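Tertiary structure, described
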Amino acid sequence: MSASRPQRYSIVSSDEDTQRAAAANKMPALGNGFGNGKIQTRRKQRSRFVNKTGQCNVRFSHVEEQSQRYLADIFTTCVDVRWRWMFVIFSLVFVVSWLAFGLAFWVIALLHGDLDKSLAAGGDVGDVGDGGDGDSGGESKPSLTPCVMQVNSFVAAFLFSIETQTTIGYGFRCVTEECPLAVFMVVLQSIVGCIIDSFMIGAIMAKMARPKKRAETLLFSHNAIIAMRDGKLCLMFRVGNLRKSHIVEAHVRAQLVKPRFTEEGEYIPLEQIDINVGYDQGWDRIFLVTPVTILHEINEESPLFGISKQDLDTADFEIVVILEGIVEATSMTAQARSSYLASEILWGHRFEPVVFEEKDTYKVDYTHFHKTYEVPSTPRCSAKDIEENKMASGSANSFCYENELAFLSRDEEEGDENERVEQGAELETLSANLNLDQRSFHRESEI
């Protein structure tokens, strides 16, 4: 991250901002974009990209044809909406279908003339004789058969529609053979009712069984930590499973999200950088029966390689962690998410143990799941500085050792020369003594 830049999450527009961005681009990038830990000021805490609950803090606006696109995928829309809206949609679909077919049956009865109460009741209608003939009797006309029995109003047609679609069948109202159109409407309503039932029940079952709720029983530690592990500076966080049912093929991913300026001056508000949590060694694939500590080794390939404790206090980034796996009960893929801001990463801390051996079982105490303790011996410098110090100390040690070997060999050579000189002196002394002895022997013999 550059030391000077325009307002965050905005495009450089003014001349002043342009100059500031150009000046920032001329400055060399230090410490993998996190600064060098010398002159820094505390920035305002950035907005979360992913909340602790796993919800992404993103709002869409000005989407073209958003309603049409959502209606084209109506099933997913029904599954994604909140439960209160789901109940409203569920009720409206059935009520509207009942009203529509009730109106259809009422129109059919109206056109057929079934709304006459005498015809609907099945009463006989007699003809009155001519007064001149004095005949009081007349021929009776047969009564008309209605399309739907006992339907003489819109309310009666609406009740018949409900009875047909829900297959209640109280026995008072029924369709007759008089109107083929009414028979067709009954068949059509039965088919439409089955389709509506299947769709709504399927949407509710999918909403109830979706693995999103399984993520509620997958935990992430409140804080991430940076500490030494096997002689290396590592970023660590903890995950846990509250259920005894397993998460099959569980694996973890992590990404660092931070704003950045490119060399051309383009501002990227949310650049996503992969954080290696052991892809090559298989550390990202976990057996999540007890809480597991996920480890990221801060090395040359890590985006945190140049960050120190002082840099961490003023850094502007977010680490998004994702746990994925297959729910054992439903065989559906579940995903749990969380994130850690720079202020939520504790430097020089370790997690308290949560697994204890108790008789013939292992006990997991989740009261210690989020707790940490401080390790004062943790280096406060960055992993880059630690590596450079190791290299410098290693080269210095090798130089001293080589010099020591050279000095030892030179001392040995000087010692050998001294021994040869001493041996030569001793030989000369012995030879001189022998000569003196021989002279004294000759003199004694002459005497």
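Everything that follows concerns the structure shown earlier in this document.
Residues numbered from 1 in each chain as written. Predicted model: local features only at pLDDT ≥ 70, side-chain atom pairs only at ≥ 80, totals over all residues. Heavy atoms only, no water.

1. Comments concerning the overall build of the chain
Put simply, the test is: In this text, helices come from DSSP runs of H or I with a minimum length of four residues, and strands from runs of E with a minimum of two, each type numbered from the N-terminal end. For this analysis, residues touch if any pair of their heavy atoms sits within 4.5 Å.
A count of helices and strands for the chain gives 9 helices and 15 strands. Summarising the internal contacts of the chain: among those between residues at least 6 apart in sequence, 70% fall at separations of at least 24.

2. Notes on unusual backbone geometry
Despite not being glycine, T167 shows a phi value in the positive range, around 55°. By secondary structure assignment, the location of T167 is in the loop between helix 6 (154-166) and helix 7 (180-209). One non-glycine residue with positive phi stands out, namely K359, at about 55°. Here K359 is to be found in the loop between strand 13 (355-358) and strand 14 (361-364).

3. Describing helix 7
Keep this limit in mind: Multiply 1.5 Å by the residue count of a helix minus one, and that product is the helix's expected span. Burial classes: relative accessible area under 20% of the type maximum marks a residue as buried, over 50% as exposed, and values in between as partly exposed (1.4 Å probe, protein chains only).
Relative to the 44 Å expected for 30 residues at 1.5 Å per residue, helix 7 spans 44 Å between its end C-alpha atoms, a close match to the ideal helical length. Three or more residues of helix 7 are buried, namely A182, M185, V186, Q189, G193, I196, M200, A203, I204 and K207. Structurally, helix 7 contributes buried residues whose contacts are with helix 3 (74-80), helix 4 (83-112) and helix 6.

4. A look at a positive patch on the surface
Under the convention used in this document: Each patch is built from residues that are more than 30% exposed by relative accessible area and take part in no salt bridge. Like charges join if they lie within 9 Å; nonpolar side chains (Val, Leu, Ile, Met, Phe, Trp, Tyr) join within 5 Å. Accessible surface area values rest on a Shrake-Rupley calculation with a 1.4 Å probe, where residue burial reflects the displayed protein chains alone. Each salt bridge in this description consists of a side-chain nitrogen of Lys or Arg and a carboxyl oxygen of Asp or Glu lying within 4 Å of one another. Charged residues are defined here as Lys and Arg on the positive side and Asp and Glu on the negative side; His and the ends of the chain fall outside this count. Where a charge lies is defined by one atom per residue type, namely NZ (Lys), CZ (Arg), CG (Asp) and CD (Glu).
Together, R82, R84, K212 and K213 make up a region of like positive charge exposed at the surface. Along the chain, the position of R84 falls in helix 4. Judged by relative accessible area, R84 falls into the exposed class, the value being 54%.

5. Overview of the pattern of salt bridges
Counted under the stated rule, the structure contains 8 salt bridges. Measuring nitrogen to oxygen at the nearest pair gives 3.5 Å for the salt bridge that ties K52 to E344. Of the two residues, K52 is situated in the loop between helix 1 (15-26) and helix 2 (66-72) and E344 in the loop between strand 10 (333-341) and strand 11 (345-347); the sequence distance between them amounts to 292 residues. Classification of K52 by relative accessible area gives partly exposed; the value is 33%. Three or more residues joined by partner-sharing salt bridges are found here, namely R48, K52 and E344.

6. Quick word on the sheet that holds strand 10
How we decide: Only when DSSP finds a minimum of two bridges between them are two strands counted as paired. For every element, the axis is a line fit to its C-alpha atoms; helices are fit only across the contacting stretch, and the angle between N-to-C directions ranges from 0 to 180 degrees.
Across the sheet, which stays open at both edges, the 4 strands sit in the order 7-6-9-10 with antiparallel pairing between neighbours. Looking at strand neighbours, the two that pair on one side only are strand 7 (267-274) and strand 10, the edges of this open sheet. Shown here is a sheet whose adjacent strand axes are inclined to one another by a mean of 25°, direction ignored. Where strand 9 (residues 318-327) and strand 10 come together, 9 bridges link them in antiparallel fashion. Within strand 10, the position partnered with E318 by the bridge is L341.

7. A closer look at the side chain of N241
Where we set the bar: Two N or O atoms form a polar contact when they lie within 3.5 Å of each other; inside protein one atom must be a possible hydrogen donor and the other a possible acceptor, and for residues adjacent in sequence the pair counts only when both atoms belong to side chains.
Along the chain, N241 falls in strand 5 (residues 232-241). The buried category is assigned to N241, whose relative accessible area is 5%. A distance of 3.1 Å separates a polar atom in the side chain of N241 from the backbone oxygen of S245. Contacts of N241, omitting those with residues within four sequence positions, involve R214, T217, L218, H246, I247, L288 and Y366.

8. A word on the pairing of strand 14
When a strand is regular, its side chains alternate between the sheet's two faces. Two strands pair when backbone bridges link them, and strand 13 and strand 14 are joined in this way by 4 bridges, in the antiparallel orientation. Paired with E358 across the bridge in strand 14 is T361. The turn joining strand 13 and strand 14, which pair antiparallel and follow one another in sequence, is formed by 2 residues; a positive phi near 55° is taken by K359.

9. Looking at the packing of aromatic side chains
As a reminder, the rule being used: When two rings of Phe, Tyr or Trp (its six-membered ring) have centres within 6.5 Å they constitute a pair, described as stacked for plane angles under 30 degrees, edge-to-face for angles over 60, and tilted for the intermediate range. Only Lys NZ and Arg CZ are tested; either one counts as a charge over a ring when it is within 6 Å of the ring centre and within 35 degrees of the ring normal.
The tally for this structure, following the rule as stated, stands at 9 aromatic pairs. An angle of 35° between the planes, with centres 5.8 Å apart, marks the rings of W83 and F87 as tilted. Taken together, the residues W83 and F87, both in helix 4 and 4 residues apart, mark about one turn of the helix. Looking at W83, the relative accessible area reads 32%, which means it is partly exposed. For the pair F261 and Y267, a centre-to-centre distance of 5.1 Å together with 45° between the ring planes defines the contact as tilted. Accessibility expressed as a relative area gives 14% for Y267, which makes it buried. In textbook terms, an aromatic cluster arises when at least three aromatic residues are bridged by ring pairs, as seen for F90, F94 and W98. A cation over a ring is seen here: R238 above F369, with NZ or CZ 5.8 Å from the ring centre.

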